[in-house]
Amino acid sequence: MTDVTEGAKAPDFELESAGGPVRLSDFGGRTLVLYFYPKDDTTGCTREAQDFTALSDDFAKAGAAVVGVSKDSVKSHEKFAAKYGLNLTLASDPDGKVIEGYGSWGEKSLYGRKYMGIDRSTFLIKDGVVRRVWRKVKVPNHAQQVLEAVRAL
């Protein structure tokens, strides 16, 4: 597992989504908000996706695309998006290679039980370079903070 830091070249990726393959190279010349989340249709992940969706017009006006990534299947993503009216790209990383490549896989703890899982994290990428990194994200106001960072680029 690597630790992607600000100023580093963004690790390349190709993932499946409901709209077809999603690649880092698809966003050349545009800003990409790449966020990793643990699981479709869970409380925090739903709220985070809804917050990014609510601001989708603002992200588009600022020239940014938003892509969410989890280990869930494309079919799961499609159900999740339909259930909550999400209008952002949700990409599937079933083997976790991209998640690990961005350093977003690690030990977690819940009620004293330790397990491996996705650390909620967000990467702001422009011209193939990581401009901002948010780790151990707390969902409230996160999408707004990311939008402000996009506008500040």
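Residues numbered from 1 in each chain as written. Predicted model: local features only at pLDDT ≥ 70, side-chain atom pairs only at ≥ 80, totals over all residues. Heavy atoms only, no water.

A. How the structure looks around helix H3 (residues 74–84). The set of residues buried in H3 consists of His77, Phe80 and Ala81. One side of H3 holds all its buried residues, which, seen down the axis, span an arc of 95 degrees. Facing away from the buried side of H3, by more than 90 degrees, are the exposed residues Lys75, Lys79, Ala82 and Lys83. Looking at the packing, one finds that the buried side of H3 touches helix H1 (43–54), strand E4 (64–70) and strand E5 (89–92). Following H3 by one or two positions, glycine 85 adopts a phi angle in the positive range, close to 65 degrees. (Buried < 20%, exposed > 50% of the residue type's maximum accessible area, 1.4 Å probe, protein only. Helix = DSSP H or I, 4+ residues; strand = E, 2+ residues; numbered from the N terminus. Arc of directions from axis to C-beta. Contact = heavy atoms within 4.5 Å.)

B. Representation of the sheet that holds strand E3 (residues 31–36) within the structure. Taking strand neighbours across the sheet as the criterion, the 7 strands line up as E2-E1-E5-E4-E3-E8-E9 in an open arrangement whose pairing is mixed. Both edges of this open sheet fall to strand E2 (20–23) and strand E9 (129–134), since each of them pairs with a single strand only. Sheet twist, expressed as the average angle between the axes of neighbouring strands with direction ignored, equals 35 degrees. The pairing of E3 with E4 spans 6 bridges and is classified as parallel. When the bridges of E4 are listed, leucine 32 appears paired with alanine 65. Across the sheet, H1 lies against E3, E4 and strand E8 (121–126), angled at about 165 degrees from E3, the strand it touches most. In this fold helix H5 (residues 142–152) packs onto E3, E4, E8 and E9, with an angle of close to 150 degrees to the strand it touches most, E9. (Pairing = 2+ DSSP bridges. Axes fitted to C-alpha atoms, helices over the stretch in contact; angles between N-to-C directions.)

C. Molecular detail of the pattern of salt bridges. In total, this model carries 10 salt bridges according to the counting rule given. One salt bridge in this structure joins glutamate 14 and arginine 23, with 3.6 Å as the shortest N-O distance. By sharing partners, the salt bridges in this structure join Glu14, Arg23 and Asp26 into a single network. (Salt bridge = Lys/Arg side-chain N within 4 Å of Asp/Glu carboxyl O.)

D. Representation of the environment of phenylalanine 80 in the model. Considering the arrangement of structural elements, one finds phenylalanine 80 in helix H3. In the structure, phenylalanine 80 is positioned 72 residues away from alanine 152 in sequence and 31 Å away in space, judged by C-alpha atoms. If we skip the residues at most four places from it in the chain, phenylalanine 80 touches Tyr37, Asp40, Asp41, Cys45, Thr46, Ala49, Leu86 and Leu90.

E. Summary view of the packing of aromatic side chains. If you walk through the whole model with that rule in mind, you get 8 aromatic pairs. Aromatic side chains phenylalanine 36 and phenylalanine 123 sit 5.8 Å apart centroid to centroid with 80 degrees between the ring planes, which places their arrangement in the edge-to-face category. One end of the pair, phenylalanine 36, is in strand E3; the other, phenylalanine 123, is in strand E8, with 87 residues separating them in the sequence. The exposure class assigned to phenylalanine 36 is buried, which follows from its relative accessible area of 0%. On the basis of an interplanar angle of 35 degrees and a centroid distance of 6.3 Å, the ring pair of tyrosine 37 and phenylalanine 80 is categorised as tilted. Of this pair, tyrosine 37 sits in the loop between E3 and H1 while phenylalanine 80 is found in helix H3, placing the two residues 43 residues apart along the sequence. (Phe/Tyr/Trp six-rings, centres within 6.5 Å; stacked < 30°, edge-to-face > 60°.)

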